[in-house]
Structures are given as structure tokens and as C-alpha cells.
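Tertiary structure, described
The residues making up each chain are set out below.
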Amino acid sequence: MKKLAILGSGFGSNFEAVARYLKDVEIICISDKPDAYILKRAEYLNIPALVLTLDEMEKYFSENKFDLVALAGFMRIIPENILSKMGRCINLHPSILPAFKGKDAIKQAYLYGVKVTGITIHEVTPELDSGRIIAQYPVIINDSMHYDELEETIHRVEHIIYPQVIEKLLNNAPVEYGVSFGNCGGRGKCEGKCKECGGGCEG
Ligand code: GAR
């Protein structure tokens, strides 16, 4: 069985989306924050979880090997000495990189006034939100769109795209533009239940 480590520091909604989507994958949740909500999610999803400081991660990843390490709201720079022990490590970022790196990327894009933003999945390097891009998905910002609506749309897109990309990487399948929203076209009418999004509605 493939092994996946998901690292997060916060709310953990992407961790939950990935965990619910993947089948027959051994998942472990790792957080650097003992009070992070991601740990509660791991508990109710019955997924093993660990709290490790960044320093403790070097030893942990030297002794425990994974097919993939996926960051999901892990808000720390991972230095090279730890990255080299992790194997392949990817990150999800809520903008079209290289635009709007760092914290509050959705807000940065909104306030800048861009008309297209989106999400990026990329290889992790010791440099903030850098590394080769694996997949991106755009989100259009209409003139009438409020910030809350943009934030909600970005998160919905993340929850649909990240699990599919992780599954493809675990299976060594090409990622191309190759992820799909199914019939709902990503507008959320299916609430994540389109065939391709995991359910079966006609959207
Ligand atoms: C996600 O929007 C993710 O793209 C972002 O943190 C959020 C985590 O949400 N990551 C970054 O900004 C990385 N630079 P979650 O904890 O609910 O999955």
C-alpha cells in the first residue's frame, strides 16, 4: 500500500478532503501545532496523527519513508536538511504562483485587483512557495465578487484538485492539466459530489 504523510498547521480542510477521497492509501497526519484543528479531523477520521516540531522532523523522516509528503496549510519553511530526508514533497498554495507568495495569498490577489487567480500545486524547496509547478487551476474574479465568495471558491477548488493530483502522483500517473470538475464545472452546484469530484450528481 502507498504511504502518504500530510503536514498541516491549522484548520485541515484539505487534509480531510484528501483523506476522504483516497482509497487504499496509508495516511499519517503530522502537525507542528498541538492545538491545530487538523488533529481533531485526524481523530474523527481515524487516521493516525503525530505532533512534531520542525527539528524532530529530521529524525522522523530519516526513519520513516513515504511515497509522498503533502503539505496542506503547513505554514513553515522546511530547510534542506529535512527536505532531503522526506523524499518527494509537494505544497498547495492559494494563488497562481509565482504571483502572491506567502501568507494571505487570496487576500493579496483580491486587493491587487487581479481578474484571474487560482491555486498551485508545486514541489517544495527551502524557498517560500517556490519549486517546480505540478498543477494549477484558475479562478475568475468577477467585478461583483465579494472577498468571502472568492475565498470560498478557492477552497472549493483546492478540495477538488489537490486530492486528484495527490492520487495521480502516488500512482506515478501524468498530471497534465489532467484533473477534472465533472459536470458542475467547478461552480460547486454538486457540492463536491460530481462523478469526478467523488459522488454522482449530474451537477
Ligand atoms: C489552504 O488555502 C492552502 O492553500 C494554504 O493554506 C490553506 C490551508 O487550509 N496554504 C498556503 O498558503 C501555503 N503557502 P486548510 O488547513 O483548511 O487545509
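Small disclaimer: the values here were computed from a predicted structure and weren't measured.

Scanning the chain from terminus to terminus reveals 6 helices and 7 strands. Reading the chain from its N end, one meets helices and strands in the order β-α-β-α-β-α-β-α-β-α-β-β-α. Per-residue burial over the chain gives 48% buried out of 203 residues. Of the contacts made within the chain by residues no fewer than 6 positions apart, 55% connect residues no fewer than 24 positions apart. Taken as a whole, the chain presents about 10400 Å² of accessible surface, with 51% of it coming from carbon and sulfur.

It is worth spelling out a nonpolar patch on the surface at this point. Nonpolar side chains collect at one region of the surface, where F11, Y37 and Y44 lie side by side and expose about 350 Å² of accessible area between them. Mapping F11 onto the fold places it in the loop between β1 (2-7) and α1 (13-21). On the basis of relative accessibility, which here comes to 56%, the residue F11 falls in the exposed class.

Bringing the pattern of salt bridges into the picture now. Counting across every chain of the model gives 10 salt bridges. One salt bridge connects E16 with R20, and the closest N-O pair in it is separated by 2.8 Å. Within this pair, E16 and its partner R20 are both found in helix α1, separated by 4 residues, close to a single helical turn. Residue K115 is joined to D143 by a salt bridge in which the shortest nitrogen-to-oxygen separation is 3.6 Å. Remark: D143 occurs in the loop between β7 (133-140) and α6 (147-170) and K115 occurs in the loop between α5 (105-112) and β6 (116-123); sequence separation between them is 28 residues. Residues participating in the shared-partner salt-bridge network are E16, R20 and R41.

For the rest of this paragraph, the subject is the environment of L83. The topology assignment puts L83 in helix α4 (residues 80-86). Each C-alpha atom, one on L83 and one on V69, is 9.7 Å from the other, the two residues being 14 residues apart in sequence. L83 has contacts with I78, C89, V124, T125 and P126, leaving out every residue within four places of it along the chain.

This part takes up the nonpolar core. Judged by nonpolar contacts, the single largest core of 39 residues is most densely connected at L4, F15, I90, I121, Y162 and I166. Of the residues forming this core, the biggest block, 10 residues, is contributed by α6. One finds A5, Y60, F66 and M86 within the second-largest nonpolar core, a separate group that totals 19 residues.

Empty space left among the atoms is revealed by rolling a probe the size of a water molecule over them. In this structure, the largest pocket occupies an estimated 870 Å³ of space. Taken together, 35 residues form the lining of the largest pocket, with G73, F74, M75, L92 and P94 sitting closest to its centre. When contributions to the lining of the largest pocket are tallied by element, the ones reaching two or more residues are α1, β5 (89-93), α5 and α6. Top element by residues in the lining of the largest pocket is α6. It accounts for 4 residues. Within the lining of the largest pocket, the residues separate by chemical class into 14 nonpolar, 13 polar and 8 charged.

Here we come to the packing of α5 against α6. Relative to each other, α5 and α6 sit at 135°, their axes nearing to 10 Å. As far as their axial angle goes, α6 and α5 are oblique. For the element pair α5 and α6, the recorded crossing hand is right-handed. Packed against α5, whose contacting residues are I106, K107 and Y110, the element α6 presents Y147, L150, E151, I154 and H155 at the interface. Taken together, the residues of the contact of α5 with α6 break down into 5 nonpolar, 1 polar and 2 charged.

Turning our eyes to something else, we now look at the site of the ligand. The full set of residues close to the ligand is F11, G12, S13, N14, G73, M75, L92, H93, P94, D129, H155 and E158. In this structure, N14 approaches the ligand through a side-chain N or O atom, which is 2.8 Å from an oxygen atom. Here P94 contributes a backbone N or O atom positioned 3.5 Å from an oxygen atom of the ligand. Coverage of the ligand by the protein amounts to 89% of the 450 Å² it exposes when considered alone. Of the pockets mapped on this structure, the ligand occupies the largest pocket.

Reading the values: the criteria
- Residues numbered from 1 in each chain as written.
- Predicted model: local features only at pLDDT ≥ 70, side-chain atom pairs only at ≥ 80, totals over all residues.
- Heavy atoms only, no water.
- Helix = DSSP H or I, 4+ residues; strand = E, 2+ residues; numbered from the N terminus.
- Buried < 20%, exposed > 50% of the residue type's maximum accessible area, 1.4 Å probe, protein only.
- Contact = heavy atoms within 4.5 Å.
- Areas by Shrake-Rupley, 256 points an atom, 1.4 Å probe, with all protein chains shown as cover.
- Patch = residues over 30% accessible without salt bridge, like charges linked within 9 Å, V, L, I, M, F, W, Y side chains within 5 Å.
- Salt bridge = Lys/Arg side-chain N within 4 Å of Asp/Glu carboxyl O.
- Core = buried A, V, L, I, M, F, W, Y, C linked by side-chain atoms within 4.5 Å.
- 1 Å grid on protein atoms, 1.4 Å probe; cavity = no way out; pocket = protein on both sides within 12 Å on 5 of 7 lines; lining within 4 Å.
- Points joined across faces, edges and corners; volume = space filled by probe spheres on them.
- Nonpolar A, V, L, I, M, F, W, Y, C, P; charged D, E, K, R; others polar.
- Axes fitted to C-alpha atoms, helices over the stretch in contact; angles between N-to-C directions.
- Parallel < 35°, antiparallel > 145°, perpendicular 65-115°, else oblique.
- Left-handed = near helix turned anticlockwise from the far one by under 90°.
- Near = heavy atom within 4 Å.
- Polar contact = N/O pair within 3.5 Å; in protein donor to acceptor, adjacent residues only side chain to side chain.
- Sits in = over half its atoms within 2 Å of the grid points.

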